[in-house]
Amino acid sequence: MDCYFRQKWFDSRLRFNLTGLDEFSMNWLFLERVWKPDTFFMNGKKSYLHRITVPNKFLRIRSDGFLTYSMRLTIKASCKMHLRKFPLDSQNCPLMIGSYGYSAADVIYEWPDSLEPVGLEPGVSLAQYDLVNITTDTENARDQLRVRRADRRIAEDFSVIRVNFHLKRMTGYFMLQVYVPCTLIVSCSWVSFWIDPDAVPARVSLGVTTVLSMTTMGFGGRAQMPKVSYRMALDWFVILCFSFVFAVMVEYAAINFIDTITEDLKKIISERKKQAQKEKVSI
């Protein structure tokens, strides 16, 4: 995500009293001279600060020592997903924010008392997901949700806040690429039920073609799908479609086998009747 990350805090050492001036903005170089919280993203994977043409950050100081620190960041965070209902799944992806070095005795994080502490720019959309809702752990923030850092020899409590992004996957791509083609292939395989059983080449070629097409369509494009050890809803759908297509070939083979046995039995019975009639004539 590309976001504007803003932090606010009080620093009584930076109070000032100038006539006609209540607040002023400072250059990003001034940030090296003031104290700043060492905020980091606990589940972040690869994040960076935009530096073109200069570092995208600023500091605003108010006369009572209230500081506003803003920066533009691109954040790539990890999200544990449950894909058993893929592609009809919904995900809840958190972003955990806390201090890397200061414990809860020194720094406490809280969401601002605004209606939307995390805002979304109008017109922003995702390619594969629909952003349903954004929630923050305001209850836990007031109670100070604390975690224990494993990289400390002495266990300490750290103040952490969390924002949850509720995502719902869009199914349009999978409908056009998987569901509709697989359904049509299964429907094509049923055409063989209206073909004369004696037309062996037509029924065999149709059955083999649909099986191969189903294999290519359902199992050939697995490289773009999530690689998980359990079965997803899409996997069960593809397996079910493949079972229908394969059952059509088995059905024709069973009918052909039954017809062959029936013809052989008819010939045997006919020959026995003729032999019995010959024996009666000879007597």
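Residues numbered from 1 in each chain as written. Predicted model: local features only at pLDDT ≥ 70, side-chain atom pairs only at ≥ 80, totals over all residues. Heavy atoms only, no water.

J.: I keep staring at the overall build of the protein and nothing clicks. Help me out?
T.: Counting its secondary structure elements, the protein contains 4 helices and 10 strands. Mapped in sequence order, the helices and strands of the protein form the string β-β-β-β-β-β-β-β-α-β-β-α-α-α. Seen along its three principal axes, the alpha-carbon backbone of the protein occupies a region of about 140 × 40 × 30 Å. A buried classification covers 29% of the 283 residues belonging to the protein. Of the contacts formed within the protein by residues at least 6 apart in sequence, a portion of 77% connects residues at least 24 apart. Roughly 19,500 Å² of accessible area belongs to the protein as shown, and the carbon and sulfur atoms make up 58% of that amount. Between the centroid of the 37 positive side chains of the protein and the centroid of its 29 negative side chains there is a distance of 4 Å. (Helix = DSSP H or I, 4+ residues; strand = E, 2+ residues; numbered from the N terminus. Buried < 20%, exposed > 50% of the residue type's maximum accessible area, 1.4 Å probe, protein only. Contact = heavy atoms within 4.5 Å. Areas by Shrake-Rupley, 256 points an atom, 1.4 Å probe, with all protein chains shown as cover. Lys, Arg positive; Asp, Glu negative; His and termini not counted. Charge placed at Lys NZ, Arg CZ, Asp CG, Glu CD.)

J.: What exactly am I supposed to notice about the pairing of strand β10 (residues 157-169) here?
T.: Look at any regular strand and the pattern is simple: side chains alternate between the two faces of the sheet. Examined bridge by bridge, strand β7 (residues 90-99) and β10 share 9 bridges and lie antiparallel to one another. Bridging across to β10, P94 finds its partner in N164. Across 7 bridges, strand β8 (residues 129-136) lies against β10 in antiparallel orientation. Bridge pairing in β10 places T136 opposite V163. (Pairing = 2+ DSSP bridges.)

J.: What exactly am I supposed to notice about the UniProt feature "transmembrane region" (unreviewed entry) in the protein here?
T.: Mapped onto the present numbering, the UniProt feature "transmembrane region" (unreviewed entry) falls at residues 172-195, 201-221 and 233-255. Between the C-alpha atoms that bound residues 172-195 the distance is 35 Å, and the span itself is 75% helix and 0% strand. Taken end to end, residues 233-255 has its terminal C-alpha atoms 33 Å apart, with 100% of it in helix and 0% in strand. (UniProt positions renumbered as here; feature names shortened; annotations may be inferred.)

J.: Whenever I open this one, the nonpolar core confuses me. Can you help?
T.: Generally speaking, soluble globular proteins have nonpolar side chains that are buried together. F41, L59 and L73 are the most contacted members of the largest nonpolar core, which has 23 residues in total. Of all the secondary-structure elements, those providing two or more residues to this core are β1 (2-10), β5 (57-62), β6 (66-74), β7 and β10. Broken down by element, the residue count for this core peaks at 4 residues, all from β6. In this structure L73 touches M1, D2, C3, F5, F41, Y48, L49 and H50, once residues within four positions along its chain are discounted. F174, V186, M214 and M225 belong to the second largest nonpolar core, which has 16 residues in total. (Core = buried A, V, L, I, M, F, W, Y, C linked by side-chain atoms within 4.5 Å.)

J.: How do you make sense of the pattern of salt bridges when you look at a structure like this?
T.: Side chains bearing opposite charge may pair, as long as their charged atoms lie close to each other. Per the stated rule, a full pass over the model turns up 7 salt bridges. Between R13 and D11 there is a salt bridge; the shortest N-O distance is 3.0 Å. The partner of R60 in a salt bridge is E23, and the shortest N-O contact between them spans 3.9 Å. Of this pair, R60 sits in strand β5 while E23 sits in strand β2 (residues 23-26), and the two are 37 residues apart along the sequence. When its relative accessible area of 29% is taken as the criterion, R60 is described as partly exposed. Residue classification places E23 among the partly exposed positions, given a relative accessible area of 39%. (Salt bridge = Lys/Arg side-chain N within 4 Å of Asp/Glu carboxyl O.)

J.: I'm lost on the environment of G65 in this one. Help?
T.: One can find G65 in the loop between β5 and β6. Sequence spacing of G65 and L14 is 51 residues, and the spatial spacing of their C-alpha atoms is 5.0 Å. Setting aside residues no more than four positions away along its own chain, G65 makes contact with W9, F10, D11, L14 and R15.

J.: When you look at the state of the cysteines in this model, what are you seeing that I'm missing?
T.: As used in these notes, a disulfide is a covalent bond between sulfur atoms, one from each of two cysteines. A full pass over the atoms with the stated rule returns 1 disulfide. In this model C79 forms its disulfide with C93; the gap between the sulfur atoms is 2.1 Å. Here C79 and C93 share a disulfide; its torsion about the S-S bond, -85 degrees, makes the bridge left-handed. Within this pair, whereas C79 is found in the loop between β6 and β7, its partner C93 is found in strand β7, the two being separated by 14 residues in sequence. (Disulfide = S-S within 2.5 Å.)

J.: Looking at this structure, I do not really get the packing of aromatic side chains. What am I missing?
T.: Between two aromatic rings, the relevant description is the distance of the centres plus the angle of the planes. Considering all chains together, one arrives at 12 aromatic pairs under this definition. Between W9 and W35 the ring centres are 6.0 Å apart and the planes differ by 85 degrees, which places this aromatic pair in the edge-to-face class. Of this pair, W9 sits in strand β1 while W35 sits in the loop between β2 and β3 (39-41), and the two are 26 residues apart along the sequence. By relative accessible area, W35 is classed as partly exposed at 30%. Between the aromatic rings of F40 and Y100, the centroid separation amounts to 5.2 Å while the plane-to-plane angle is 85 degrees, which identifies the pairing as edge-to-face. One end of the pair, F40, is in strand β3; the other, Y100, is in the loop between β7 and β8, and 60 residues separate them in sequence. (Phe/Tyr/Trp six-rings, centres within 6.5 Å; stacked < 30°, edge-to-face > 60°.)

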